[in-house]
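Summary of the model geometry
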Amino acid sequence: MDQIAVTGGTPLRGEIPIAGAKNACLALMPATLLTDEPLTLMNAPRLSDIRTMTTLLQSLGAEVTALQGGKVLAMSSHDLTSLRADYDIVRKMRASILVLGPMLARHGRAVVSLPGGCAIGARPVDLHLMALEAMGATLDLREGYVHAKAPNGLKGARIAFPTVSVGATENALMAATLARGTTVLANAAREPEIVDLARCLRAMGARIAGEGTGTIEVEGVAALCGATHAVVIDRIELGTYMLAPAITGGEVECLGGRRDLVGAFADKLEEAGIAVEETPRGLKVSRRNGRVAAVDVVTEPFPGFPTDLQAQMMALLCTADGVSRLEERIFENRFMHAPELGRMGARISVQGGTATVTGVERLRGAPVMATDLRASVSLILAALAAEGETVVSRVYHLDRGYERVEEKLSACGARIERIAA
Ligand code: EPZ
């Protein structure tokens, strides 16, 4: 298994291009199952999760061709050979559940493995199933698989989500595009990835209104056509790289960055004393001088502070001047980066869903282990500022969500290299 070695202490200066959004692409790719015409995605990120979704779609008989080194995905599900998503693929990536709604809506049946939990939580899919049943599907759970049927097609329904769920909103939104009649999704997720999916579906002929608000309305149509859609930039990659100059000092311009995608996060950075400037090419982030100020963070659904940036923000606050509190309200076990940061000298105390971080002058390099995607990149960020060398193991977690991280950071002066296993 590859490792990444970082020698900290260099203020970063330069520019970092931001790729297309992993979590948008993982919802956009299953949309090919809604039509027999070609769907082409531009600005796709080159990540292992995208390759996993490609393998899943191909296992169903869909054609997925990666062009321009993977930045373009040309897809067609004209000739599906299977409507069964196997456990051995689904268990690798929970977003696989997003093939359920589209297959059911277009073909009237689907067999999809339950994804199971992951490091950060149990991650149930009850809200996905509730939404599809509300649209008239019958669902049987047998041997770890969801056996879904809608022989007469899906029908429009009013679906009120008891809690905000990005994935359940995406599954229901895609299914509703081909349901008979009107579907209203209440308490829907408002993430930019939902807005991007709705834009793509509309380009395919879907009739959708309200995306980005808490209520989305869909008028089902008989069929969808093909389209070409550019994936929105990745706000989590953007936020992650905005933290690089914040934690090391220096100044970095994140190319393609948009403040509207990271509003709450950028506000919190400014509260900590970091400068965030909108430029014609993106967002320029710099740390003026001295230590960052301690701040309190609460993770919430968009437009609140994103849970996917909590681990990275914790790395910054480990060297802040004062005591910070981070409250994780989305997942039940998303502080696994804390003990690893502790090996680097961080002072973090976790009680239930709240981590209290007492800032120290400087972290010290150490061997650490990645546990999940965002935890792994928080260790890289901490290592960039730490004294001495840090070696991060199990970086396959990192490769799921970050394209060429060592190249992007070393281009800004970081001393970072990948050690192939
Ligand atoms: C998406 O996961 C993202 N993944 C996650 O990013 C992100 O952390 C999460 O949204 C929250 O923003 C993708 O888009 C592929 P949820 P998702 O359904 O859809 C509970 C990353 O690092 N819930 O919004 O699975 C759930 O347990 C990943 O890129 C149910 O109870 O998240 C959680 O506590 C990690 N029942 C809360 O809702 C359900 O049926 C939010 O989950 C579904 C979810």
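What this report covers is the structure whose coordinates are included nearby. (Residues numbered from 1 in each chain as written. Predicted model: local features only at pLDDT ≥ 70, side-chain atom pairs only at ≥ 80, totals over all residues. Heavy atoms only, no water.)

Some points on the overall build of the chain
Regarding its fold elements, the chain presents 14 helices and 24 strands. For the chain, whose C-alpha radius of gyration is 21 Å, the value lies close to the compact-globule estimate of 22 Å for 421 residues. When each of the 421 residues of the chain is scored for burial, the buried share is 58%. When contacts within the chain are restricted to residue pairs at least 6 apart in sequence, those whose partners lie at least 24 apart make up 74%. Total accessible area computed for the chain in this model is approximately 15600 Å², and 48% of it derives from carbon and sulfur atoms. For the chain, the distance from the average site of its 44 positive side-chain charges to the average site of its 47 negative ones is 1 Å. (Helix = DSSP H or I, 4+ residues; strand = E, 2+ residues; numbered from the N terminus. Rg over C-alpha atoms; globule rule 2.2 N^0.38 Å. Buried < 20%, exposed > 50% of the residue type's maximum accessible area, 1.4 Å probe, protein only. Contact = heavy atoms within 4.5 Å. Areas by Shrake-Rupley, 256 points an atom, 1.4 Å probe, with all protein chains shown as cover. Lys, Arg positive; Asp, Glu negative; His and termini not counted. Charge placed at Lys NZ, Arg CZ, Asp CG, Glu CD.)

Side note on the pattern of salt bridges
Think of it this way: side chains of opposite charge can pair up when their charged atoms draw near. Taken as a whole, this structure holds 25 salt bridges when the rule is applied. A salt bridge links Lys408 to Glu237, with the shortest nitrogen-to-oxygen separation between them at 2.7 Å. Here Lys408 is found in helix α14 (residues 405-410), whereas its partner Glu237 is found in helix α8 (residues 235-248), with 171 residues between them in sequence. Comparing Lys408 with Glu237, the two get one shared label, buried. When the shortest N-O distance is used, the salt bridge between Glu387 and Arg362 registers 4.0 Å. Placement of Glu387 in the loop between α12 (373-385) and β23 (389-393) and of Arg362 in the loop between β21 (354-358) and β22 (367-369) is noted, with a sequence separation of 25 residues between them. (Salt bridge = Lys/Arg side-chain N within 4 Å of Asp/Glu carboxyl O.)

Re the packing of aromatic side chains
The geometry of two aromatic rings is summed up by the distance between their centres and the angle between their planes. This structure, assessed with the given rule, holds two aromatic pairs. Ring centres of Tyr241 and Tyr402 lie 6.4 Å apart, and the angle between their planes is 85 degrees; on these two criteria the pair is classed as edge-to-face. With Tyr241 in helix α8 and Tyr402 in the loop between α13 (396-399) and α14, the pair connects residues that are 161 residues apart, well separated along the chain. (Phe/Tyr/Trp six-rings, centres within 6.5 Å; stacked < 30°, edge-to-face > 60°.)

Concerning unusual backbone geometry
The omega torsion across Phe302 and Pro303 is 15 degrees, close enough to zero to call that bond cis. For Asn43, which is not a glycine, the phi torsion comes out positive at approximately 60 degrees. By the element assignment, Asn43 lies in the loop between β3 (39-42) and α2 (48-59). By relative accessible area, Asn43 is classed as partly exposed at 21%. The backbone phi angle of Gln68 is positive, close to 50 degrees, even though this residue is not glycine. Summarising the element assignment, Gln68 is placed in the loop between β4 (63-67) and β5 (72-76).

A closer look at the side chain of Ser286
Within the secondary structure layout, Ser286 lies in strand β17 (residues 282-287). Here Ser286 falls in the buried class, since its relative accessible area comes to 15%. Setting aside chain neighbours within four positions, we find Ser286 in contact with Gly250, Glu251, Ile274 and Ala275.

Comments concerning the sheet that holds strand β14 (residues 227-230)
Strand order across the open sheet formed by four strands is β4-β5-β3-β14, with mixed pairing between neighbours. Every other strand in the sheet has two partners, leaving β4 and β14 as the edge strands with one partner each. For this sheet, the mean angle separating the axes of adjacent strands, direction not counted, is 15 degrees. As paired strands, β3 and β5 are joined by three bridges and run antiparallel to one another. Residue pairing across strands places Leu39 opposite Met75, the latter belonging to β5. (Pairing = 2+ DSSP bridges. Axes fitted to C-alpha atoms, helices over the stretch in contact; angles between N-to-C directions.)

Let's talk about the site of the ligand
The environment of the ligand is formed by 22 residues, the closest being Asp126, Leu127, Ser165, Asp308 and Ile330. Within the backbone of Val166, a nitrogen or oxygen atom sits 2.8 Å from an oxygen atom of the ligand. Here Arg374 contributes a side-chain N or O atom positioned 2.8 Å from an oxygen atom of the ligand. Contact with the protein chains covers 85% of the free accessible surface of the ligand, which is 830 Å². Those elements giving two or more residues to the shell around the ligand turn out to be α1 (22-28), α5 (126-134), α6 (166-176) and α12. The greatest single-element share of the shell around the ligand, amounting to three residues, is contributed by α5. A per-class count over the shell around the ligand returns 10 nonpolar, five polar and seven charged. (Near = heavy atom within 4 Å. Polar contact = N/O pair within 3.5 Å; in protein donor to acceptor, adjacent residues only side chain to side chain. Nonpolar A, V, L, I, M, F, W, Y, C, P; charged D, E, K, R; others polar.)

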